[in-house]
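Remarks on the overall topology
One-letter residues, chain by chain:
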Amino acid sequence: MVDNSVIQSLPLPTFAKVRYNSWQLDEMIPATDKATTPFFMKNEKNGIEVSGLSTTYQHLTEEMTAQGVILMSMIQAKTEHPDLVENMIASVVDKAADRLSAQNFAQFNTGIFVYIPENVQFDEVLHLTLNHLATSGKDLVARVFVYIGSNAKVDILQEMHTIGTQKTKASVIIEVIADSGAQVTYANIDSFGEQTTAFINREAEVRNHATVDWQNAEFNDGNVIIRLASQLNGEGSTSHTNVIGLTTKKQTQGLVTTILNRGRHSLGHIFQRGVILNRSTLVFNGIGKIIKGAKGSDAQQESRVLMLSRRARGDANPLLLIDENDVTAGHAASVGRVDENQMYYLMSRGISEQVARKLVIRGFMGEVLAKMPTKAAQQQVVEEIERKLKHEDD
């Protein structure tokens, strides 16, 4: 346990060009709300839904259970596998990395724990759903840990939602370890409500010849800061990090997406697309770092922001830190408005301006949308885009 005085002495995490000090994310009161019925999970999908302190859905095939897969709430895992949990938690995100991470480690009281042994191959998507029950005015402080053993393979779809209307905060840390040769696609659809101010920190450790590909859709309605990082520690390790985000009204979403190349011949690519409406703010900070000794590595990033309002603010800030000569690296960034030529082309064929704009936006985000692991997830992202675009004229 980290002492509170030590926690308060730590610096807040850096999110360039995002002013979030007034959000009071370092003042959390963990909620103890419970639920009895599932909100989103059904039909015997492989997965788990944790709502507040309750497990409202849990299903794993007999085959996966027989192979030693563990899928349970963090509360249950602490009881049934205390040594494993203790060894794993904070092994990727340092418990004293910054004030918000340290606070999460000290206070988390819910979450999800996944352990996939070596050589296990998931044929179906593994669903992880975390619901914040905003019914008492208290906050979500949660931890998700996912271990994927050597040469195992899995596609994961994680969703996060707000249930309820109370003004609250959320602190969620997701840690992932992909052991040697593991192949992981980790998709996230974040949909915290307008009343939820949040800190989300996702980080993966990627070992020899393993792959972790992130597919992130940020459709939160409140003020949110998001950190997404991959540590490419192993030789030949790979991470493609794809992000789409859409902001509306007066909300702010600030992202720091980082890939650290430590292993020789490691490959890390960042691809980000954002759309901003009304008086909202969206900031993409992309950081690619290749350390000394990571010979033959590749670090690339591209961030684009599309502005649909003159009152909105968007930033795309690429940063490359290269300490090795024998590497390839590059970046591109832009902030701009809807292409008038595209709009003219569509409208000249009888499509209304509103529909044409939606088509342009969907195409702008299409590369990440297409990589969502299921057709249902792709449709969910489309519906989230439609929902957010309803605020275009607000």
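Residues numbered from 1 in each chain as written. Predicted model: local features only at pLDDT ≥ 70, side-chain atom pairs only at ≥ 80, totals over all residues. Heavy atoms only, no water.

A tally of regular secondary structure across the chain gives nine helices and 19 strands. Principal-axis analysis of the C-alpha atoms gives the chain an extent of 65 × 55 × 45 Å. Residues counted as buried form 59% of the 394 residues belonging to the chain. Excluding contacts between residues fewer than 6 apart, the proportion of contacts in the chain whose partners are at least 24 apart in sequence is 81%. By element, 46% of the accessible surface of the chain is carried by carbon and sulfur atoms, the whole surface being about 16,100 Å². Put simply, the chain has 39 plus and 45 minus side-chain charges, and the middle of one group is 8 Å from the middle of the other. (Helix = DSSP H or I, 4+ residues; strand = E, 2+ residues; numbered from the N terminus. Buried < 20%, exposed > 50% of the residue type's maximum accessible area, 1.4 Å probe, protein only. Contact = heavy atoms within 4.5 Å. Areas by Shrake-Rupley, 256 points an atom, 1.4 Å probe, with all protein chains shown as cover. Lys, Arg positive; Asp, Glu negative; His and termini not counted. Charge placed at Lys NZ, Arg CZ, Asp CG, Glu CD.)

Time to look at the sheet that holds strand β14 (residues 252–261). Strand pairing in a sheet is mediated by backbone hydrogen bonds. Such pairs are either parallel or antiparallel. The mixed open sheet is built from nine strands, whose spatial order is β3-β4-β6-β8-β10-β12-β14-β16-β18. Of all the strands in the sheet, the pair left with one neighbour each is β3 (70–73) and β18 (313–322). The average undirected angle you get between the axes of adjacent strands in this sheet is 5°. For strand β10 (residues 196–206) and strand β12 (residues 224–232), the ladder comprises nine bridges, and the chain directions are parallel. Each bridged residue has a counterpart across the sheet, and for Glu-205 the counterpart in β12 is Gln-231. Across the sheet, helix α5 (residues 99–107) lies against β6 (140–148), β8 (168–178), β10 and β12, angled at about 90° from β6, the strand it touches most. (Pairing = 2+ DSSP bridges. Axes fitted to C-alpha atoms, helices over the stretch in contact; angles between N-to-C directions.)

The UniProt entry lists residues 137–364 under the feature "domain: SUF system FeS cluster assembly SufBD core" (unreviewed entry), expressed in the numbering used here. As annotated, residues 137–364 has a helix share of 9% and a strand share of 61%, and its two end C-alpha atoms lie 37 Å apart. (UniProt positions renumbered as here; feature names shortened; annotations may be inferred.)

To continue, consider the pattern of salt bridges. One pass over the full model with this rule turns up 18 salt bridges. Between Arg-207 and Asp-179 there is a salt bridge whose closest N-O contact spans 3.2 Å. Residue Arg-207 is located in the loop between β10 and β11 (211–218), and its partner Asp-179 is located in the loop between β8 and β9 (183–191); the two are separated by 28 residues in the primary sequence. Since its relative accessible area comes to 13%, Asp-179 is described here as buried. With a shortest N-O distance of 2.9 Å, Glu-205 and Arg-207 are connected by a salt bridge. (Salt bridge = Lys/Arg side-chain N within 4 Å of Asp/Glu carboxyl O.)

Turning our eyes to something else, we now look at the sheet that holds β11. One open sheet accounts for 10 strands, arranged β2-β1-β5-β7-β9-β11-β13-β15-β17-β19; its pairing is mixed. Edge positions in the sheet fall to β2 (54–59) and β19 (328–337), since each of these pairs with one other strand and no more. Mean inter-strand twist for the sheet, computed between neighbouring axes without regard to direction, equals 5°. Across 10 bridges, strand β13 (residues 238–247) lies against strand β15 (residues 267–276) in parallel orientation. Each bridged residue has a counterpart across the sheet, and for Asn-242 the counterpart in β15 is Phe-271.

Further remarks concern the UniProt feature "domain: SUF system FeS cluster assembly SufBD N-terminal" (unreviewed entry) in the chain. The UniProt entry lists residues 61–126 under the feature "domain: SUF system FeS cluster assembly SufBD N-terminal" (unreviewed entry), expressed in the numbering used here. Between the first and last C-alpha atoms of residues 61–126 the distance is 11 Å; the span itself is 42% helix and 18% strand.

Let's shift gears to the packing of aromatic side chains. Aromatic ring pairs are described here by two measures, namely the spacing of the ring centres and the angle between the planes. Per the stated rule, a full pass over the model turns up five aromatic pairs. Ring geometry for Tyr-115 and Tyr-147: centres 4.9 Å apart, planes at 15°, overall stacked. Highlighted residues: Tyr-115 in strand β4 (residues 110–116) and Tyr-147 in strand β6, separated in sequence by 32 residues. The class for Tyr-147 is buried, based on a relative accessible area of 11%. Chaining the aromatic ring pairs together yields one cluster made of Phe-15, Tyr-20 and Trp-23. (Phe/Tyr/Trp six-rings, centres within 6.5 Å; stacked < 30°, edge-to-face > 60°.)

Let's shift gears to the packing of helix α6 (residues 340–347) against helix α7 (residues 353–364). Interaxial distance between α6 and α7 falls to 9 Å at its minimum, and their mutual angle equals 125°. As the angle between them shows, α6 and α7 are arranged oblique. The two elements α6 and α7 meet at a crossing, and its hand is right-handed. Of the residues in α7, those in contact with Gln-342, Met-343, Leu-346 and Met-347 of α6 are Glu-353, Ala-356, Arg-357, Leu-359 and Val-360. (Parallel < 35°, antiparallel > 145°, perpendicular 65-115°, else oblique. Left-handed = near helix turned anticlockwise from the far one by under 90°.)

In this structure, Ile-116, Phe-122, Leu-128, Val-146, Ile-148 and Tyr-186 are the most contacted members of the largest nonpolar core, which totals 54 residues. Setting aside its immediate chain neighbours within four residues, Ile-148 contacts Ile-116, Val-154, Val-176, Ile-177, Ala-178, Asp-179, Ala-182 and Val-184. Of all hydrophobic cores here, the second largest spans 28 residues; its members include Ala-217, Leu-277, Leu-369 and Ala-377. (Core = buried A, V, L, I, M, F, W, Y, C linked by side-chain atoms within 4.5 Å.)

Take the pairing of β6 next. Counting buried residues in β6 gives nine out of nine residues, a clear majority hidden from the surface. Neither face of β6 is exposed, since Leu-140, Ala-142, Val-144, Val-146 and Ile-148 on one face and Val-141, Arg-143, Phe-145 and Tyr-147 on the opposite face are all buried. Alignment of β6 against β8, held across nine bridges, turns out to be parallel. From the neighbouring strand, Val-144 faces β8, where its bridge partner is Ile-174.

Along an α-helix, residues three or four positions apart point the same way, because every turn accommodates 3.6 residues. By the criterion of burial, α5 is predominantly enclosed, with seven of the nine residues buried. By the burial criterion, the buried members of α5 are Arg-99, Leu-100, Ser-101, Ala-102, Gln-103, Asn-104 and Phe-105. Buried residues belonging to α5 abut α1 (4–9), β6, β8, β10 and β12.

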